[in-house]
Amino acid sequence: MESLQKKSDTGLDENKQWMSQLPEHLWDIPLYNISIPGSHDSMSYCLDKMSPLEPELPILLSVLDKLVPCLARATILRWAKTQVLNVTQQLNAGVRYLDLRIAHRPDDPSPALYFAHGLFTHITVKEAFLEILAWLLTNPTEVVILSCRRVQDFTLEHHLHLIYCIYSVFGSKLCPKHDMPTLRLMWNMGYQVILSYDDTMAQFYDFLWPSVPYWWADTTSVSTLIHYLEERKQEGRPGGFFVAGLNLTENFWYIVTHPFGSMKNMTIPKLPVMYLWVQNQNPGKSRHATNIIAEDLIGSDCFVSAVIHLNTKLTGERSSSS
């Protein structure tokens, strides 16, 4: 992991400002017709081993946590940690879609919100937003898509707290959902954030975009994953933003039968197959096109560059014909 962190501070920064480096004929294409790299469970790099377990975990893991907490926590962390780069490093690497699983920690009496994936993070949503804002201020021609997911079960207090936090941090950088988001429009208006909110509360706020569909195969098999994504493509792409989730998912029995395994050990050997799939994709407005492609372990391969490079296939498309 240490070598990956060192790499992230050097070679991975080559895509730090890739949007501003796109050719001018792509500046008027809607961003949902552009190829955009994303990270899956973007905040899982900072999970707190001492936090409560997520209620959605299998009950057997909760029982194991009560009997042998050290073993249970170590196991959950190995499988829940899908990213090793922090959010600034991911953005520097070229990631422009962040998958944000937001939740309230049951051990925190305040209305503060955190991120969750098996465990809860030790940093709050507001702290992460401020870090993203700091990055945006130093990279004014780049645009990020923030997907606030798993907020459907929030109380009204939690919704209002999160929405206030979103607006208070990003303010005028938030692109209204009635605008067609092209790079030229974003630059001209000073917008840098498209914020998707996975709840009906989004309909009451102009700066909250509707939920971004995420194609999730829910499998440990890379061949099943690729087959699933190809089937979804045959059904036709959504009209706006959407994510092809190029990420594997373990289940309880897989963890039990791989007691010394981890998300990293499961994923790394299969990255070359995923990389080949990426190279064969095409962005654009056709029904079989891809838009956002999200992966685990950003920085472990050439995934980000491959997704960005797909934009060289775009020629002659304009917003008027989208």
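Conventions adopted
- Residues numbered from 1 in each chain as written.
- Predicted model: local features only at pLDDT ≥ 70, side-chain atom pairs only at ≥ 80, totals over all residues.
- Heavy atoms only, no water.
- Axes fitted to C-alpha atoms, helices over the stretch in contact; angles between N-to-C directions.
- Helix = DSSP H or I, 4+ residues; strand = E, 2+ residues; numbered from the N terminus.
- Parallel < 35°, antiparallel > 145°, perpendicular 65-115°, else oblique.
- Left-handed = near helix turned anticlockwise from the far one by under 90°.
- Contact = heavy atoms within 4.5 Å.
- Nonpolar A, V, L, I, M, F, W, Y, C, P; charged D, E, K, R; others polar.
- Buried < 20%, exposed > 50% of the residue type's maximum accessible area, 1.4 Å probe, protein only.
- Lys, Arg positive; Asp, Glu negative; His and termini not counted.
- Salt bridge = Lys/Arg side-chain N within 4 Å of Asp/Glu carboxyl O.
- Core = buried A, V, L, I, M, F, W, Y, C linked by side-chain atoms within 4.5 Å.
- Expected span 1.5 Å × (residues − 1).
- Arc of directions from axis to C-beta.
- pLDDT = per-residue confidence, 0-100.
- Polar contact = N/O pair within 3.5 Å; in protein donor to acceptor, adjacent residues only side chain to side chain.
- Pairing = 2+ DSSP bridges.
- Phe/Tyr/Trp six-rings, centres within 6.5 Å; stacked < 30°, edge-to-face > 60°.
- Lys NZ or Arg CZ within 6 Å of the ring centre and 35° of its normal.

## Some remarks on the packing of helix α5 (residues 125-138) against helix α6 (residues 156-170)
So, point 1. In contact at an axis separation of 10 Å, α5 and α6 are set at 20° when each is read in the N-to-C sense. Between α5 and α6, the crossing angle belongs to the class labelled roughly parallel. Classified by chirality, the crossing of α6 by α5 is right-handed. Here Val125, Lys126, Phe129, Leu130, Ile132, Leu133 and Leu136 of α5 come into contact with α6, specifically with Leu162, Cys165, Ile166, Val169 and Phe170.
So, point 2. When grouped by side-chain class, the residues that make up the contact of α5 with α6 number 11 nonpolar, no polar and 1 charged.

## What about the side chain of Asp199?
So, point 1. Position of Asp199 relative to the elements: it lies in the loop between β6 (193-197) and β7 (214-215).
So, point 2. In this structure, Asp199 is buried with no salt-bridge partner, the nearest side chain bearing the opposite charge being Lys177 at 11 Å.
So, point 3. Other than its neighbours up to four places away in sequence, Asp199 contacts Val151, Gln152 and His159.

## Some points on unusual backbone geometry
So, point 1. For Asp41, which is not a glycine, the phi torsion comes out positive at approximately 45°.
So, point 2. In this fold, Asp41 is placed in the loop between β1 (36-39) and α2 (59-67).
So, point 3. Judged by relative accessible area, Asp41 falls into the buried class, the value being 3%.
So, point 4. With phi around 60°, Arg150 is a residue other than glycine that occupies positive phi space.
So, point 5. In this structure, Arg150 sits in the loop between β5 (144-149) and α6.
So, point 6. On the basis of relative accessibility, which here comes to 30%, the residue Arg150 falls in the partly exposed class.

## Some words on the nonpolar core
When a protein is soluble and globular, its nonpolar side chains tend to lie buried together.
So, point 1. Membership of the largest hydrophobic core comes to 95 residues, with the highest contact counts inside it found for Phe129, Ile166, Phe170 and Tyr197.
So, point 2. By residue number, the principal contributor to this core is α5, which donates 7 residues.
So, point 3. If we ignore the near neighbours within four places in the chain, the residues touching Phe170 are Phe129, Ile132, Leu133, Leu136, Leu146 and Val193.

## Overview of helix α3 (residues 69-80)
So, point 1. Compared with the 16 Å implied by 1.5 Å per residue over 12 residues, the 16 Å span of α3 between its first and last C-alpha is a close match.
So, point 2. For α3, the full list of buried residues reads Ala72, Arg73, Thr75, Ile76, Trp79 and Ala80. One face of α3 carries all of its buried residues, which in axial projection span an arc of 165°. Exposed positions of α3 whose direction lies more than 90 degrees from the buried face are Cys70 and Leu71.

## Points about the confidence of the model for the chain
So, point 1. This prediction gives the chain a mean pLDDT of 92; 92% of its residues lie at or above 70.
So, point 2. Note on residues 1-10: pLDDT is under 50 here. Beyond four places in sequence and across chains, it has 16 contacts.

## Focus: the side chain of Asn291
So, point 1. Turning to its location among the elements, Asn291 is positioned in the loop between α11 (271-279) and β9 (292-295).
So, point 2. Judged by its relative accessible area of 0%, Asn291 falls in the buried class.
So, point 3. A distance of 3.2 Å separates a polar side-chain atom of Asn291 from the backbone nitrogen of Phe242.
So, point 4. Apart from residues no more than four positions distant in its own chain, Asn291 is found in contact with Leu31, Tyr32, Asn33, Ile34, Ser35, Ile36, Gly240, Phe241 and Phe242.

## Looking at the pattern of salt bridges
So, point 1. The tally for this structure, following the rule as stated, stands at 11 salt bridges.
So, point 2. The salt bridge involving Arg149 is made with Asp99; its shortest N-O contact spans 3.0 Å. Of this pair, Arg149 sits in strand β5 while Asp99 sits in strand β2 (residues 97-103), and the two are 50 residues apart along the sequence. Note on accessibility: Arg149 and Asp99 belong to one class, buried.
So, point 3. Lys233 is the salt-bridge partner of Glu230, the closest N and O atoms lying 3.3 Å from each other. Of this pair, Glu230 and Lys233 both sit in helix α8 (residues 222-235), 3 residues apart, which is roughly one turn of the helix.

## Remarks on the pairing of β2
So, point 1. Along β2, 7 of the 7 residues are buried, which leaves the element largely enclosed by surrounding structure.
So, point 2. As paired elements, β1 and β2 share 2 bridges and run parallel to each other. In the sheet register, Ser39 faces β2, and the bridge partner there is Leu98.
So, point 3. Taken together, the 2 bridges between β2 and strand β3 (residues 114-117) define a ladder with antiparallel strand orientation. Counterpart to Ala103 in the pairing with β3 is Tyr114.

## A few points about the packing of aromatic side chains
So, point 1. Scanning the model with the defined rule gives 9 aromatic pairs in all.
So, point 2. Joined through ring pairs, the aromatic side chains of Tyr32, Trp209 and Phe241 make up one cluster.
So, point 3. We note Arg105 situated over the ring of Tyr114; from NZ or CZ to the ring centre the distance is 5.4 Å.

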